[in-house]
Amino acid sequence: VSAMENISESPEGIILEGLMESLAEYYSANLSENIKRGLYDSALERKVLSTTLFGYRKNSEGKYEPHPVNAPVVKQIFSDFATGKPYMQIIQELNDAGYRTGRNMPFSKNSLRYILRNEKYIGIYRYKDIIDPNGIPPIIDRELFDRVQKELKRRSFTKVKKRECDQVAFILTGKLFCGHCGKPMTGESARSRN
């Protein structure tokens, strides 16, 4: 029921309502196609398509350029993580210093992980079938990026299989890692007559 269009219940009203619905659906589908075409055309010119990424800003041509204040922070994030600094310590330092993500939110584990996995920091521009390895000015080098990817893999959640003999579920299994070698720690439980 529409308060804006007074459509009668007559046969003419049924035709008018169907026509209006069809026009609205056409407008929506056409608008979607125009937006997709515009995004693709902008990607061909290597322009920023969404919110800017932390460490970059949009220049006068609409393209990525390193942010003079945040780009060195990105380098520091990658360096700290590659040398083994914990997620939470990096996040705490960023938030305490007043830095915000590209969406102007405080840093979290997810936003930090997004930065550490993002290929834009080494200069790769991607949009659908467009892949340009030199489409963005890089902030970090490939060697550091690869070291961080190895560290991410090492720190990733490792699910330890529960053995049939375990009577107790250890809540830190797969989440607790040795501070020396980095391997996952497991718990053991046993009962004796004592």
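Look up: the structure comes first, before these words.
Residues numbered from 1 in each chain as written. Predicted model: local features only at pLDDT ≥ 70, side-chain atom pairs only at ≥ 80, totals over all residues. Heavy atoms only, no water.

### Points about the side chain of Lys120
Positionally, Lys120 belongs in the loop between α4 (109–117) and β3 (125–127). No salt bridge is formed by the buried Lys120, whose closest oppositely charged neighbour, Glu119, lies at an N-O distance of 9.5 Å. With residues near it in sequence (within four places) discarded, Lys120 still touches Leu53, Tyr56, Tyr64 and Ile136. (Helix = DSSP H or I, 4+ residues; strand = E, 2+ residues; numbered from the N terminus. Buried < 20%, exposed > 50% of the residue type's maximum accessible area, 1.4 Å probe, protein only. Lys, Arg positive; Asp, Glu negative; His and termini not counted. Salt bridge = Lys/Arg side-chain N within 4 Å of Asp/Glu carboxyl O. Contact = heavy atoms within 4.5 Å.)

### Some points on the packing of helix α2 (residues 70–82) against α4
Viewed as axis vectors pointing N to C, α2 and α4 meet at an angle of 95°, and their least axial separation amounts to 11 Å. Between α2 and α4, the interaxial angle falls into the category roughly perpendicular. Where α2 approaches α4, its residues Ile77, Phe78 and Phe81 are matched on the opposing element by Leu112, Ile115 and Leu116. By residue class, the composition of the contact of α2 with α4 is six nonpolar, no polar and no charged. (Axes fitted to C-alpha atoms, helices over the stretch in contact; angles between N-to-C directions. Parallel < 35°, antiparallel > 145°, perpendicular 65-115°, else oblique. Nonpolar A, V, L, I, M, F, W, Y, C, P; charged D, E, K, R; others polar.)

### Quick word on the environment of Ile90
Position of Ile90 among the secondary structure elements: in helix α3 (residues 87–96). Ile90 sits 13 residues away from Ile77 along the chain, and the two C-alpha atoms are 7.1 Å apart.

### Here's the deal with unusual backbone geometry
Positive phi, close to 65°, is recorded for Arg46, a residue that is not glycine. Mapped onto the fold, Arg46 is located in the loop between α1 (11–44) and β1 (56–58). Classification of Arg46 by relative accessible area gives partly exposed; the value is 21%. The phi dihedral of Asn104 is positive, around 60°, even though this residue is not glycine. Counting through the fold element by element, Asn104 comes out in the loop between α3 and α4.

### A few points about the packing of aromatic side chains
Scanning all chains against the criterion turns up eight aromatic pairs. For the ring pair Tyr56 and Tyr64, a centre distance of 5.5 Å and an interplane angle of 75° mean the geometry is edge-to-face. Overall, the relative accessible area of 6% leaves Tyr64 in the buried class. Here a set of aromatic residues connected by ring pairs shows up, and it is made of Tyr56, Tyr64, Phe78, Tyr121 and Phe145. Stacked on the ring of Tyr87, the Lys or Arg Arg113 has its end atom at 5.4 Å from the ring centre. (Phe/Tyr/Trp six-rings, centres within 6.5 Å; stacked < 30°, edge-to-face > 60°. Lys NZ or Arg CZ within 6 Å of the ring centre and 35° of its normal.)

### Let's talk about the nonpolar core
Within the largest apolar cluster, 34 residues are counted, with the highest numbers of intra-cluster contacts made by Phe78, Leu116 and Tyr121. Those elements giving two or more residues to this core turn out to be α2, α3, α4, β3 and α5 (142–155). The biggest single contributor to this core is α2, with seven residues. (Core = buried A, V, L, I, M, F, W, Y, C linked by side-chain atoms within 4.5 Å.)

### Here we look at α2
An ideal rise of 1.5 Å per residue puts 18 Å on 13 residues; α2 measures up with 19 Å between its terminal C-alpha atoms. Three or more residues of α2 are buried, namely Asn70, Ala71, Val73, Val74, Ile77, Phe78, Asp80, Phe81 and Ala82. Where α2 is buried, its residues contact β2 (64–66), α3, α4 and α5. Immediately beyond the C-terminal end of α2, within one or two residues, lies Gly84, with a positive phi of roughly 100°. (Expected span 1.5 Å × (residues − 1).)

### Here's the deal with the packing of α2 against α5
Put simply, α2 and α5 touch, their axes get as near as 9 Å, and they point 50° apart. Between α2 and α5, the angle is such that the two are oblique. For the crossing formed where α2 meets α5, the hand is left-handed. Taking contact as the criterion, the partners of Phe78, Ser79, Phe81 and Ala82 in α2 are, on α5, Leu144, Phe145, Arg147, Val148, Glu151, Leu152 and Arg155. In the contact of α2 with α5, the residues fall into seven nonpolar, one polar and three charged. (Left-handed = near helix turned anticlockwise from the far one by under 90°.)

Distances and angles like these do not, on their own, reveal function.
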